[in-house]
Amino acid sequence: MVNILSADIGTTNVKAGVFDEHGRLKYFTSERLRILFDQPGSAVQDPDEIFHRFVNVCKKAVEFVEGDVDALILSSQMHGLTLLNREGKPIVPLITYLDTRCSSVVGDIEHDYGRDLYENTGCPPLFIYPLSKILWLKKTFLHRVKEVKYVLVSAKDYVIYRLLGKVITDYSTASGSQLFNVKRLDWDSRSLDIAGIQYDMLPRLVDGFKPLDDVDKGFLKILGISGEPIVMLGGSDAALHSLGVGVLGDGSLALNLGTSAAIRVTRCKPIVDRYGMRFFCYYLGYKKWIIGGATNNAGSVLDWLKERLFRERDEEFYDFLEKIDIDTKPCPSLIFIPFLSGERFPVRDSYARGLVYGLSFNTSREDIIRSALEGIGFTLYWIYAAMNENNIIAKSIFAAGGGSRIKLWLRILSNIFNLPLYRASFIDASLLGGVIVALKEMGYFSSLEDAVKNIVNYGLVFHPKVDYKYAYEKSFRLFKGIYDSIKNTKNLP
Ligand SMILES: Nc1ncnc2c1ncn2[C@@H]1O[C@H](COP(=O)(O)OP(=O)(O)OP(=O)(O)O)[C@@H](O)[C@H]1O
Ligand SMILES: [Mg+2]
């Protein structure tokens, strides 16, 4: 009996699961992470809290495991930046992708280096990336810049540093930093020049899908792990999610509905937007790239509705959602622009804010929630439309993530995209992606394709409702029109 411990540092939840050689879950545990929004535009996390949550979930997941752990593999939210001093202490918290404070430098990046930077790193000029955050910190934390010894580009990098004492990262995580060349698969010298940092300040790049061979496994005790497992850095949550929902090639679109949401295809070469910079291109691993776009405003918006606007407990809110008839008509009279924390794709507008248009005395709580689900769907569809212009076309959607529990949302997304949507049986897909990699590496499968075919299952399918196609197309046009008409209101307080 095999035990694979797969752990994922998400934006809201740190999760760990123990799986067997068939990819079946034996034990699972998760803990919630705080995001601090304590200044206008800031969204930071405490790296040491992340570390402690990570240790806790691993310990709890392996507590009742029979026998030894055979493999450990990690996944992480992307784009978070933190800086370490000579003593290895963070001198800033983890500045997450939700943090918009560096927006003021993005215009200059676009003007001076935009297209070149995009073609080399796969990352358009945007506030989410560590490169922008470094330039902003250089302006605002000038007095502390000299203290910086290492620049870490994800939440996972700090956890690894605390566990192994090594400053290392994997290729897929690095490719979300705008400091990594997606064609040459190395740190990008031009980006480093722009950031004004040296190569050796960044983590050493390692293949996260191969066992680390030079680690002192003493750290396993901290995680409560017995045995001599192989240890793999794994990848970004994006890369592993795509594997965990079985999206390897043409015709399939991966959909993550987490704190953020994303759509991605997988291709055997890097592809960038020929007509703009409306989607990203990151490295997955195994000589594959993921091309797509993500929105900051997904589960985060539902959490805001639940906690701040309606002030409801989880059960109350989700029970209410569960009771809404998933086949009710679209709400064409209400348009929810969900850009509560700026938006990255496809509009790249750090100053964007939310708006609900069409409120009347008849508007109900249900209407507002449904229009929010639709608005997030339109944002994702807008990214997909840009991908279509570049001949990236899908025939089916494969979904997972915490928000994929909401069947109404899956039905709405299937209708907006006019595509069949399959929900993965195991919704924490990044964990399962890690298991797929581990099993392949352990020799259980001869190819990645084989591993995915045997491990990934789908439990629900939604077919688009033809009758609603016209109504959704109309709402999508209205959605874009309303955003276009408000996008220059950024000087409002
Ligand atoms: N019981 C529930 N029913 C429906 N949706 C839920 C439920 N619990 C959480 N969610 C939604 O799932 C979201 C979190 O999903 P998930 O755990 O996949 O995120 P994450 O991995 O932390 O974030 P990300 O993948 O963006 O880094 C929440 O924001 C919430 O909207
Ligand atoms: Mg996630």
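Heads up: the structure comes first, above all this text.
Residues numbered from 1 in each chain as written. Chains lettered and ligands numbered in written order. Predicted model: local features only at pLDDT ≥ 70, side-chain atom pairs only at ≥ 80, totals over all residues. Heavy atoms only, no water.

## Some words on the overall build of the protein chain
- A count of helical and extended segments in the protein chain gives 14 helices and 22 strands.
- For a compact globule of 493 residues, the expected C-alpha radius of gyration is about 23 Å, and the protein chain comes in at 21 Å, within 12% of that figure.
- Counting only C-alpha atoms and orienting by the principal axes, one finds that the protein chain spans roughly 65 × 55 × 45 Å.
- The burial tally for the protein chain puts 61% of its 493 residues in the buried class.
- Excluding contacts between residues fewer than 6 apart, the proportion of contacts in the protein chain whose partners are at least 24 apart in sequence is 73%.
- Between the centroid of the 60 positive side chains of the protein chain and the centroid of its 57 negative side chains there is a distance of 3 Å. (Helix = DSSP H or I, 4+ residues; strand = E, 2+ residues; numbered from the N terminus. Rg over C-alpha atoms; globule rule 2.2 N^0.38 Å. Buried < 20%, exposed > 50% of the residue type's maximum accessible area, 1.4 Å probe, protein only. Contact = heavy atoms within 4.5 Å. Lys, Arg positive; Asp, Glu negative; His and termini not counted. Charge placed at Lys NZ, Arg CZ, Asp CG, Glu CD.)

## What about the sheet that holds strand E22 (residues 458-462)?
- Read from one edge to the other, the open sheet built from seven strands follows the order E16-E17-E15-E14-E20-E21-E22, with strand pairing classed as mixed. Each end of this open sheet is capped by a strand with a single partner; those strands are strand E16 (280-285) and E22. Geometrically, the sheet is characterised by an average inter-axis angle of 30 degrees between neighbouring strands, direction not taken into account.
- As paired elements, strand E20 (residues 394-400) and strand E21 (residues 421-424) share three bridges and run parallel to each other. By the bridge assignment for E21, Ala399 is matched with Arg423. (Pairing = 2+ DSSP bridges. Axes fitted to C-alpha atoms, helices over the stretch in contact; angles between N-to-C directions.)

## Some details on the site of ligand 1
- Close to ligand 1 lie 19 residues; Thr11, Thr12, Thr259, Ser260 and Gly402 are nearest.
- One nitrogen or oxygen atom from the main chain of Thr12 is found 2.9 Å from an oxygen atom belonging to ligand 1.
- Here Gly402 contributes a backbone N or O atom positioned 2.8 Å from an oxygen atom of ligand 1.
- At the level of secondary structure, the elements contributing two or more residues to the shell around ligand 1 comprise strand E2 (13-19) and helix H8 (299-309).
- When the residues that make up the shell around ligand 1 are grouped by side-chain class, the tally is three nonpolar, 12 polar and four charged. (Near = heavy atom within 4 Å. Polar contact = N/O pair within 3.5 Å; in protein donor to acceptor, adjacent residues only side chain to side chain. Nonpolar A, V, L, I, M, F, W, Y, C, P; charged D, E, K, R; others polar.)

## Structural notes on the sheet that holds strand E5 (residues 71-76)
- Pairing in this open sheet of five strands is mixed, and the strands run E3-E2-E1-E5-E13 from one edge to the other. The open sheet has two edge strands with one neighbour each: strand E3 (25-32) and strand E13 (230-236). Direction aside, the axes of adjacent strands within the sheet are offset by 15 degrees on average.
- For E5 and E13, the ladder comprises five bridges, and the chain directions are parallel. Residue pairing across strands places Leu72 opposite Val231, the latter belonging to E13.
- Contacts between helix H1 (residues 47-62) and the sheet are confined to strand E1 (4-9), E2, E3 and E5, with E3 contributing the most and set at about 155 degrees to the helix.

## Details of helix H3 (residues 130-140)
- For H3, the buried fraction is high: eight of the 11 residues fall into the buried class.
- Every buried residue of H3 is listed here: Pro130, Leu131, Ser132, Lys133, Ile134, Leu135, Trp136 and Leu137.
- In the core, the buried residues of H3 are packed alongside strand E6 (82-85), strand E7 (94-95), helix H2 (103-121), strand E8 (148-152) and helix H6 (189-195).

## Brief notes about the side chain of Ser175
- When you line up the elements, Ser175 lands in the loop between helix H5 (171-174) and strand E10 (180-181).
- From its side chain, Ser175 meets the backbone oxygen of Ser172 in a polar contact 2.9 Å long.

## Regarding the packing of H8 against helix H9 (residues 314-323)
- Two elements in contact, H8 and H9, have axes separated by 10 Å at closest approach and are oriented at 115 degrees. Like other packed secondary-structure pairs, H8 and H9 cross with a definite hand, here right-handed. Here Leu302, Asp303, Leu305 and Lys306 of H8 lie close against H9, whose contacting residues are Asp314, Phe317 and Tyr318.
- Of the residues assigned to the contact of H8 with H9, the class counts are four nonpolar, no polar and three charged. (Left-handed = near helix turned anticlockwise from the far one by under 90°.)

## A short note on the nonpolar core
- Ranked by size, the top nonpolar core spans 136 residues in total, and within it Val151, Leu179 and Phe417 carry the most contacts.
- Per-element accounting of this core gives the leading share, 12 residues, to helix H10 (residues 365-389).
- Not counting residues within four places of it along the chain, the set of residues in contact with Phe417 comprises Leu253, Ile263, Gly377, Leu380, Tyr381, Tyr384 and Ile397.
- Core analysis: the next-biggest nonpolar cluster, separate from the first, contains 35 residues, Ala7, Leu72, Leu74 and Leu164 among them. (Core = buried A, V, L, I, M, F, W, Y, C linked by side-chain atoms within 4.5 Å.)

## Quick notes on the packing of aromatic side chains
- Tallied over the full model, the rule gives 25 aromatic pairs.
- Consider the rings of Trp382 and Phe479, whose centres lie 6.3 Å apart with planes at 80 degrees: the pair is edge-to-face. Of this pair, Trp382 sits in helix H10 while Phe479 is found in helix H14 (residues 469-486), placing the two residues 97 residues apart along the sequence.
- Using a relative accessible area of 0% as the deciding quantity, one classes Phe479 as buried.
- With a centroid separation of 5.9 Å and 75 degrees between ring planes, the pair formed by Trp382 and Tyr483 is classed as edge-to-face. Of this pair, Trp382 sits in helix H10 while Tyr483 sits in helix H14, and the two are 101 residues apart along the sequence. (Phe/Tyr/Trp six-rings, centres within 6.5 Å; stacked < 30°, edge-to-face > 60°.)

## Digging into H8
- For H8, every residue scored as buried is listed here: Gly299, Val301, Leu302, Asp303, Leu305 and Lys306.
- The inward-facing, buried residues of H8 abut E3, H9, strand E18 (335-337), H10 and helix H11 (407-417).
- Immediately beyond the C-terminal end of H8, within one or two residues, lies Arg311, with a positive phi of roughly 50 degrees.

## A word on the pairing of E21
- Handedness of the β-α-β unit built from E20, H11 and E21 comes out right-handed.
- Where E21 and E22 come together, four bridges link them in antiparallel fashion. Among the inter-strand pairings, Arg423 is bridged to a residue of E22, identified as Leu460. (Right-handed = clockwise from strand over helix to strand, strands pointing away.)

## Quick notes on the packing of H10 against H14
- Between H10 and H14, whose axes approach to 10 Å, the crossing angle comes to 85 degrees. One finds that H10 runs roughly perpendicular with respect to H14. For the pair H10 and H14, contact is made by Glu374, Gly375, Phe378, Thr379, Tyr381 and Trp382 and by Tyr472, Ser475, Phe476, Phe479, Lys480 and Tyr483, respectively.
- Here the residues of the contact of H10 with H14 are counted per class, giving seven nonpolar, three polar and two charged. (Parallel < 35°, antiparallel > 145°, perpendicular 65-115°, else oblique.)

Distances and angles like these do not, on their own, reveal function.
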